[in-house]
Amino acid sequence: MDLSASVVWLDGQASAVLGTPHEPGPLRATALAEQIHPHDLPRLSRVVTTAIAESVWFEDEFRVLDGPDRWITTRGQVIRDDVTGLVIGLVGVVLPSLRAGLHRAAELLEALPTAFFSLSRDWRFTYVNAEAERVLGRSRGELLDGDIWELYPAALGIAFETYYRRAMRSGEPMSFDAHYPLPLNAWYEVRAMPTSEGLSVYFFDVTERRRLQEQTEQVARRAQLTAAVTSSLAQTLDAEEAVAALARTLVPGLADWCVVTLADADVSVGAAGLPTPATMRDVGWWHADPAARPLVEEYCRHRMGALTDESFLLRTLRTTDVVRVPDDAAARIRGVLVPGRAHELITELAPESATVLPLRGRGRTLGAISLFNGPGRPPLDGQDLVTARDIASRAGLVLDNAYLYASQRGVVEELQRSFLTAPPQLDDLDVAVRYVPAAQAAKVGGDWYDVFKHPDGPTVVVIGDVSGHDLQAAATMGQLRSMLRGIGATTPPHPAALLAQLDRAMDAVASESVATAVVLVLEPAGHDGDVVVRWSNAGHPPPVLLNGDGAVVTLTGTNLLLGLRPGTVRTEQTLTVAPGDTLVLYTDGLVERRDSGGLRDGLDRLRATLGDLRDEHRIERLCDQLVRRLLPDAPEDDMALVAVRPRPAR
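Residues numbered from 1 in each chain as written. Predicted model: local features only at pLDDT ≥ 70, side-chain atom pairs only at ≥ 80, totals over all residues. Heavy atoms only, no water.

Colleague: Requested: an account of the sheet that holds strand β4 (residues 71-80), with residues and values cited.
Modeller: In space, the three strands of this open sheet follow the order β3-β4-β5, with antiparallel pairing throughout. Across the chains shown, the open sheet's two edge strands, defined by having one partner strand only, are β3 (58-63) and β5 (87-96). The mean inter-strand angle of the sheet, taken between neighbouring strand axes irrespective of direction, is 30°. Inspection of the sheet shows β4 paired to β5 by nine bridges, in the antiparallel sense. Following the sheet pairing, T73 is matched in β5 by L95. Along the sheet face, helix α3 (residues 41-54) touches β3, β4 and β5 and points at about 165° away from the line of β3. (Pairing = 2+ DSSP bridges. Helix = DSSP H or I, 4+ residues; strand = E, 2+ residues; numbered from the N terminus. Axes fitted to C-alpha atoms, helices over the stretch in contact; angles between N-to-C directions. Contact = heavy atoms within 4.5 Å.)

Colleague: Could you give an account of the pairing of β4, naming the residues involved and the relevant values?
Modeller: Where β3 and β4 come together, six bridges link them in antiparallel fashion. Opposite R63, over in β4, you have W71 as the bridge partner. Between β4 and the antiparallel strand that follows it, β5, lie six residues; G85 among them carries a positive phi value of about 80°.

Colleague: Before we move on, can you summarise the sheet that holds strand β12 (residues 280-287) with the specific residues and values?
Modeller: Sheet strands line up and pair through hydrogen bonds in the backbone, either parallel or antiparallel. Across the sheet, which stays open at both edges, the five strands sit in the order β12-β11-β15-β14-β13 with antiparallel pairing between neighbours. Strands with a single pairing partner mark the edges of an open sheet, and in this sheet they are β12 and β13 (323-325). Adjacent strand axes in the sheet meet at a mean angle of 15°, parallel and antiparallel pairs treated alike. In this sheet, strand β15 (residues 364-373) lies alongside strand β14 (residues 353-361) in antiparallel orientation, the contact comprising nine bridges. Considered in β15, the bridge of L357 is made with I369.

Colleague: Would you mind going over the packing of helix α11 (residues 293-306) against helix α14 (residues 341-349) in detail, with residue names and values included?
Modeller: In contact at an axis separation of 8 Å, α11 and α14 are set at 140° when each is read in the N-to-C sense. Regarding the angle of α11 to α14, the classification is oblique. Where α11 crosses over α14, the two elements pack in a sense that is left-handed. Along its contact with α11, which presents L295, V296, E298, Y299, H302, R303 and A306, the element α14 presents R341, A342, L345, I346, E348 and L349. Its residues assigned to classes, the contact of α11 with α14 comprises eight nonpolar, one polar and four charged. (Parallel < 35°, antiparallel > 145°, perpendicular 65-115°, else oblique. Left-handed = near helix turned anticlockwise from the far one by under 90°. Nonpolar A, V, L, I, M, F, W, Y, C, P; charged D, E, K, R; others polar.)

Colleague: Hey, could you go over unusual backbone geometry for me, with residue numbers and the actual values?
Modeller: Put simply, L182 and P183 share a cis peptide bond, and its omega is 15°. Note that P183 resides in the loop between β8 (174-180) and β9 (186-194). Backbone torsion omega between V251 and P252 reads 5°, so that peptide bond is classified as cis. Phi at T320 is positive, roughly 65°, even though this residue is not glycine. Position of T320 among the secondary structure elements: in the loop between α12 (312-319) and β13.

Colleague: Could you give me a rundown of the pairing of β8, with the residues and numbers involved?
Modeller: The alternating pattern of β8 places M174, F176, A178 and Y180 on a buried face and S175, D177 and H179 on a face that is not buried. As judged from the seven bridges shared by β8 and β9, these two strands associate in the antiparallel manner. Among the inter-strand pairings, A178 is bridged to a residue of β9, identified as Y188. Hairpin connection, β8 to β9: the antiparallel pair is bridged by five residues, and N185 has positive phi, about 50°. (Buried < 20%, exposed > 50% of the residue type's maximum accessible area, 1.4 Å probe, protein only.)

Colleague: Describe a nonpolar patch on the surface, listing the residues and the values that go with them.
Modeller: Judged by side-chain polarity, I79, L86, I88 and V91 come together as a nonpolar surface patch covering roughly 330 Å² of accessible area. Within the secondary structure, V91 sits in strand β5. (Patch = residues over 30% accessible without salt bridge, like charges linked within 9 Å, V, L, I, M, F, W, Y side chains within 5 Å. Areas by Shrake-Rupley, 256 points an atom, 1.4 Å probe, with all protein chains shown as cover. Salt bridge = Lys/Arg side-chain N within 4 Å of Asp/Glu carboxyl O.)

Colleague: Break down the packing of helix α18 (residues 598-612) against helix α19 (residues 619-630) for me, citing the residues and quoting the values.
Modeller: Taken N-terminus to C-terminus, the directions of α18 and α19 make an angle of 135°; their axes are 11 Å apart at the nearest point. One way to sum up the angle between α18 and α19 is to call them oblique. Note on packing geometry: the crossing formed by α18 with α19 is right-handed. Between α18 and α19, the residues in contact are R605, L606, T609, L610 and D612 and L622, L626, R629 and L630, respectively. Classifying every residue of the contact of α18 with α19 by side-chain character gives five nonpolar, one polar and three charged.

This is the structure:
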């Protein structure tokens, strides 16, 4: 049927079943509707309309006008347009209904691979085919004329009785899937068709299909659980945060309740560092029953002090084996606890089974996951145990990565900060510095600053940034900082000359790094406190001057980056700053964001923020406010900041 044109195509067999002349072309849908008994047409129209609206299969019976007792069965489905997804038509079959001549069709029914029986209106079996005898587990002689509710009392009160009675009462076909308990203990797909004599039922044993479906769903649930655990663990590099979140993820997917234990990292390596209760902590726990969560929390507070050497947790940590307690877990756990509060709590929590899995990472045991099930749930086994092992392995690796992350970050930050010393105390200048590392350890290392007095009297201020974000960048930064300080202390204080000599020094030591830097040389200009500033810029973000009246000036003018072309001609510029004016030098980590317009927009934000802070007379607080307002909570890049302000003449 083409819904847009309201026409129908019938093949020869369909025309014969419906009793209409066969036409090679389409028929008007209204012409076909005129062949349907007027008592059945409204119901059939509702069935088809619902199928179109809900995009589902339809099935119904109707009579045709050439014989009031001639019933037709129709089944079909909607057709959707591949592009728009809209329903555009119907396709289906028509066939003589089983309502009339049921007994005359007995030979056909006997050959059907589908179980079939019919019931009278008083619920007695009137016909049973051979397949129904086999599925129902009774002979035809036992079933015929027997009351279905007496022969199969387990059907009362479940889906079979509900749908059979609804079909008999309403005259509408019913379809459902349901499980029949013992003695059949099987799943069935059932179609119940009301007839003038009672009810016709055909059904399939779909137990195997349901079993495969449940297996598929279990596999999907395990995969979903594993994905959820992986996602949860990946959201943080803090070890305790990761394992604490793990407990909630595993319940109730794998267990009724769970405890995650972490061993101290410095005693979890090798045989010499076997963990003891004193070196372990329960850092994550959860229970599927909210009312039991306080009990689990209290149990975790007390159990470490109650563990004996035979405890299942210590056995797992020392042997790295999975320890299973398949039954009577509460009593067996009590047996490895010293008497006390933990002893009482495990009795109240009453686990029937338990499984303890080690958390392993790169050859060391870092902790354990303890999973507990109550008497209403089987012990962890089969594919669930495989899933638990996989999750424990993933968690162990994440914990180990967290320890390595903390260690690496500590090394990098310590190296970085060892170079970034506090500025010297100066008579004529207030100087404040800030350094903030990147949130990720791998992105720390390239930014630096330096402030020192030249032997001839001026103050030299430097800020720079080495390309790269790793230990190599930090080491190169330290090398450049040391070279520049050495050059600055032994040559005249000219910013352009200092940068040019640093460029040549980088070439001499075959440095493959590229860096940006700004060098300022400041010296008093008279007795009123004014300071002459000379600067040279090697590809670095421009310094900014906040005047005492609130105006913000960008110190433009730059040359090529360091490390690209030795012999680059470096230029320098000069200006005079007065007491109350503030020079601000910074690295791109303060202003540049990937998601907010790049460096240009970042400079605009910096200038606007300095304008807002024009009345801030304390230079230390000015730096704090810049960091607070301009840096995100988790910086993607490290950041260095230097602020210099001349003091009024005394």
